[in-house]
There are 2 protein chains.
Amino acid sequence: MQYPEPIAKLIESYMKLPGIGSKTATRLAFFTIDMPADDVTDFAKALIAAKRDLHYCSICGNITEDDPCDICQDRQRDQSTILVVEYPKDIMTLERMHEYQGLYHVLQGVLSPIDGKGPEDLNIASLLKRLQNEAVKEVIIATNATPEGEATATYLSRLIKPAGIKVTRLAHGLSVGSDIEYADEMTLLKAVEGRQEI
Amino acid sequence: MQYPEPIAKLIESYMKLPGIGSKTATRLAFFTIDMPADDVTDFAKALIAAKRDLHYCSICGNITEDDPCDICQDRQRDQSTILVVEYPKDIMTLERMHEYQGLYHVLQGVLSPIDGKGPEDLNIASLLKRLQNEAVKEVIIATNATPEGEATATYLSRLIKPAGIKVTRLAHGLSVGSDIEYADEMTLLKAVEGRQEI
């Protein structure tokens, strides 16, 4: 005996999401049947709308409804600085600090030979094109503090520096409010290396 | 800065699913934008169809497109035995063994005072009604081997036995192919208690 077709199809759809296997998909599908009808309709509409209305900004690669995105269109922002991130969601995180006023560029990942991800798979060509055309003085690289993130930062730095543009990297060190006792060795090392005069 | 509305709404919908918090929902939403358009459309259609076309069988409480469900409508099945499960998905699991030929009844949960779930929250009244009207000779209780499942089995047994109907419980013991070394004490205890002559 098989599941009735409507639930079998829903399980199949849930299984296409990352990190969701057949057991979780089944649990989610049965949960869906017990959800309020309005919530299910909203969910379906949100899926369609997100796929239909969102695109990548043709300049920076951010997720946006309009092209170019709001940030690229905003002439009030500092046009001389580009902050490079791995994914669009990193932009939202950085914008929440209400401090950075420059532009962004989304790589859509990091260099990762294990996953077969080389420079041609990232938005690097479009970044170099921007550096040629725009009056950029500084590129801040904000890839994650992972081995792949570090390698990508080094790669970009070697590519960009010869053009006479300043390349910086976000500081690594202790989290604000954190306890030295619980910091890992690499973080402590970076904190000592990056020590500043007070 | 907020996420563009289409993605914010999708994140909100994903967060309504059990076990999915804001970080996972955000990851799933960004993943959705990169999915093939057909997959997203199928997903939305599957959500709508599952909610619209599936119902609980008015007799046994199983998930079904037609009411009564295929199993309740099948006069070839043994009408004198009802196997009681916690959830509809348990029926699929049991049907996969291609051995049981009787009917089913879905409780939609187990007695759980901690979660405020009493007898009136389960499909117990409809089970007792079936026992009055149908020619049932045996009720097999297949709730899970959890404290709540055991308590529910005992409760049902006390309720049904006085009507002169045989009440049985699925056997507990070692899994087939399993190693005694790795069995927990409760399972071993049940295996010894339920030992059979060979």
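Per-chain numbering applies: the sequence of each chain, read as written, is numbered from 1 onward. Chains carry letters and ligands carry numbers; both start at the beginning, A for chains and 1 for ligands, and go up in the order they are written. With pLDDT at 70 or above as the cut-off, local features in this predicted model cover only qualifying residues; side-chain atom pairs require 80 or more to be listed or tallied, and sums for whole chains, interfaces and linings still use all residues. With hydrogens and water set aside, each side-chain value is computed from the structure's full complement of heavy atoms.

## A short note on the state of the cysteines
All names here are of chain B.
Inference 1: Two cysteine sulfur atoms make up a disulfide if the distance between them is within 2.5 Å. The full count for this structure, using the stated rule, is 0 disulfides over all chains.
Inference 2: No disulfide involves Cys60; its sulfur sits 3.6 Å from that of Cys72, the nearest cysteine.
Inference 3: In this structure Cys60 comes out as buried when scored by relative accessible area, which is 3%.
Inference 4: Not engaged in a disulfide, the cysteine Cys69 finds its nearest cysteine sulfur in Cys60; these two sulfurs lie 3.7 Å apart. Classification of residues uses two cut-offs on accessible area relative to the type maximum, computed with a 1.4 Å probe and protein chains only: under 20% is buried, over 50% is exposed, and between them is partly exposed.

## Points about the sheet that holds strand 4 (residues 103-106) of chain B
The strands making up a sheet are joined through hydrogen bonds of the backbone, oriented either antiparallel or parallel.
Residues and elements named next belong to chain B.
Inference 1: Strand order in the open sheet formed by 4 strands is 4-3-5-6, with parallel pairing between adjacent strands. Whereas interior strands pair on both sides, the edge strands pair on one side only; in this sheet they are strand 4 and strand 6 (166-169). Ignoring which end each strand starts from, the neighbouring axes of this sheet average 25 degrees apart.
Inference 2: By the bridge criterion, 4 bridges tie strand 3 (residues 81-85) to strand 5 (residues 138-141) in an arrangement that is parallel. Within strand 5, the residue paired with Thr81 across the bridge is Glu138.
Inference 3: Residue contacts are counted whenever heavy atoms from the two residues lie within 4.5 Å of one another. Interaxial angles span 0 to 180 degrees and are taken between N-to-C directions of axes, which are lines fitted to C-alpha atoms, for helices over the stretch in contact. Helix and strand assignments come from DSSP, with helices taken as H or I runs of at least 4 residues and strands as E runs of at least 2, each series counted from the N terminus. In the packing of helix 6 (residues 125-133) onto the sheet, contacts are made with strand 3, strand 4 and strand 5, and the angle to strand 4 comes to roughly 150 degrees.
Inference 4: Strands strand 3, strand 5 and strand 6 of the sheet are contacted by helix 7 (residues 147-160), whose axis makes an angle of about 170 degrees with strand 6. Pairing between two strands is assigned when DSSP locates at least 2 bridges connecting them.

## Some words on helix 5 (residues 88-95) of chain A
Inference 1: Summarising burial for helix 5 of chain A: 6 of the 8 residues are buried, a large majority.
Inference 2: Three or more residues of helix 5 of chain A are buried, namely Pro88(A), Asp90(A), Ile91(A), Met92(A), Leu94(A) and Glu95(A).
Inference 3: Taken together, the buried residues of helix 5 of chain A touch strand 1 (55-56), strand 2 (63-64), helix 4 (70-73), strand 3 (78-85) and strand 4 (102-106) of chain A together with helix 2 (22-34) of chain B.

## Concerning the pairing of strand 5 (residues 138-141) of chain A
Residue and element names in this part refer to chain A.
Inference 1: Note that strand 3 and strand 5 share 4 bridges and pair parallel. Across the sheet, Val84 pairs through a bridge with Ile141, a residue of strand 5.
Inference 2: Here, the term right-handed applies to a crossover whose path from the first strand over the helix to the second runs clockwise when the strands point away from the viewer. A crossover links strand 5 with its parallel partner strand 6 (residues 166-169), the connecting element being helix 7 (residues 147-160), and its sense is right-handed.

## Details of the UniProt feature "zinc finger region: C4-type" (unreviewed entry) in chain A
Inference 1: UniProt positions are given in the numbering used here, feature names are shortened, and annotations may be inferred rather than shown by experiment. Taken from the UniProt record, the annotation "zinc finger region: C4-type" (unreviewed entry) applies to residues 57-72 of chain A.
Inference 2: Annotated as 19% helix and 12% strand, the span residues 57-72 of chain A places its first and last C-alpha atoms 8 Å apart.

## Some thoughts on the domain arrangement of chain A
Inference 1: Looking at chain A, the domain boundaries give domain 1 (5-53) and domain 2 (63-169).
Inference 2: Marked domain ranges trace back to an automatic or database domain assignment. Each of domain 1 of chain A and domain 2 of chain A has a C-alpha centre, and these two points are 34 Å apart.

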